[in-house]
Amino acid sequence: MAQDIDLLIAMAEIAGIFVGFGALISVIRRNEIDSTQLGQIRAVVTIGLVVMVAALVPVGISRFGVEGHDLWFVCSLVFLGLTWVVNILSLRDPENRELLIRRTKASPVMTVFFWLLLEVPMQIPLVLTVLGLYPHLEPAFYITSLVLNQFQAAFVLAQLVYSQANTPSNASA
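On a predicted model such as this, the values are computed, not experimentally measured, just so you know. (Residues numbered from 1 in each chain as written. Predicted model: local features only at pLDDT ≥ 70, side-chain atom pairs only at ≥ 80, totals over all residues. Heavy atoms only, no water.)

## Topic: the overall build of the protein
Looking only at helices and strands, one finds seven helices and zero strands in the protein. Moving toward the C terminus, one meets the helices and strands of the protein in the order α-α-α-α-α-α-α. Across the protein, the fraction of contacts at a sequence separation of at least 24, relative to all contacts at a separation of at least 6, is 78%. Roughly 9700 Å² of accessible area belongs to the protein as shown, and the carbon and sulfur atoms make up 70% of that amount. (Helix = DSSP H or I, 4+ residues; strand = E, 2+ residues; numbered from the N terminus. Contact = heavy atoms within 4.5 Å. Areas by Shrake-Rupley, 256 points an atom, 1.4 Å probe, with all protein chains shown as cover.)

Okay, here's the thing in structure tokens:
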């Protein structure tokens, strides 16, 4: 577990960078941000925060002597719970729902990529851990889910950055 703890802490640190980038962008450009960009910034920050928490949960719980399937079971439940709560709360906001609809219409391939190649595969290892089907792979499943969640933050941040090339103020510069 010591090696896993080092990796989990490093992943939390990386997630913190995404949170910092999102916060920095929102502060520096607060008067220039449209609703689409604000939604992307919120997504980067939120995904980063989920990864930070999910990466640190096993570190904290393992300090109480919890290990093996019990550790990864609880951590996977927490991670899945965080993911679902964040997604549900996000979609409850009419502005976020409208943004998702607009982005899906504008770029269905990117939407499918995000949900089918990142979100669903991120959750499958957590579900497998909760079900206890492959106990020897549970640490790897958890790390895989964290990595895929990090990729989500990177994907959304890249979309935000590359969308700047298409803004009217940048086109005339």
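## Some details on helix 3 (residues 68-92)
The terminal C-alpha atoms of helix 3 lie 36 Å apart, and with 25 residues this matches the ideal 36 Å at 1.5 Å per residue to within 8%. Buried residues of helix 3: L71, W72, C75, S76, F79, L80, T83 and N87, and no others. (Expected span 1.5 Å × (residues − 1). Buried < 20%, exposed > 50% of the residue type's maximum accessible area, 1.4 Å probe, protein only.)

## Quick look at a nonpolar patch on the surface
Together, M110, V112, F113, L116, L117, V120 and I124 give the surface a local cluster of nonpolar side chains, amounting to about 600 Å² of exposed area. Summarising the element assignment, V120 is placed in helix 5 (residues 108-131). (Patch = residues over 30% accessible without salt bridge, like charges linked within 9 Å, V, L, I, M, F, W, Y side chains within 5 Å. Salt bridge = Lys/Arg side-chain N within 4 Å of Asp/Glu carboxyl O.)

## Examining the pattern of salt bridges
Inspection of every chain in the model, using the stated rule, returns one salt bridge. Between R102 and E98 there is a salt bridge, with the nearest N and O atoms lying 3.7 Å from each other. In this pair, R102 and E98 are both assigned in helix 4 (residues 94-106), four residues apart and thus about one turn of the helix distant.

## Regarding the packing of aromatic side chains
Each pair of aromatic rings is reported with the distance of its centres and the angle of its planes. All chains considered together, the criterion is met by three aromatic pairs. Plain terms: the ring middles of Y134 and F141 are 6.3 Å apart, the flat faces sit at 90° to each other, and that makes the pair edge-to-face. We classify F141 as buried; its relative accessible area is 15%. Grouped by ring-pair contacts, the aromatic residues W72, F79 and Y142 constitute a single cluster. (Phe/Tyr/Trp six-rings, centres within 6.5 Å; stacked < 30°, edge-to-face > 60°.)

## Looking at the nonpolar core
Membership of the largest hydrophobic core comes to 35 residues, with the highest contact counts inside it found for L8, F79, Y142 and L146. Of all the secondary structure elements, the ones that give two or more residues to this core are helix 1 (2-28), helix 2 (35-62), helix 3, helix 5 and helix 6 (138-163). (Core = buried A, V, L, I, M, F, W, Y, C linked by side-chain atoms within 4.5 Å.)

## Concerning the environment of A154
Checked against the element boundaries, A154 lands in helix 6. A C-alpha to C-alpha distance of 9.5 Å links A154 and I47, two positions 107 residues apart in sequence.

Don't take any of this as a statement about function, it's just geometry.
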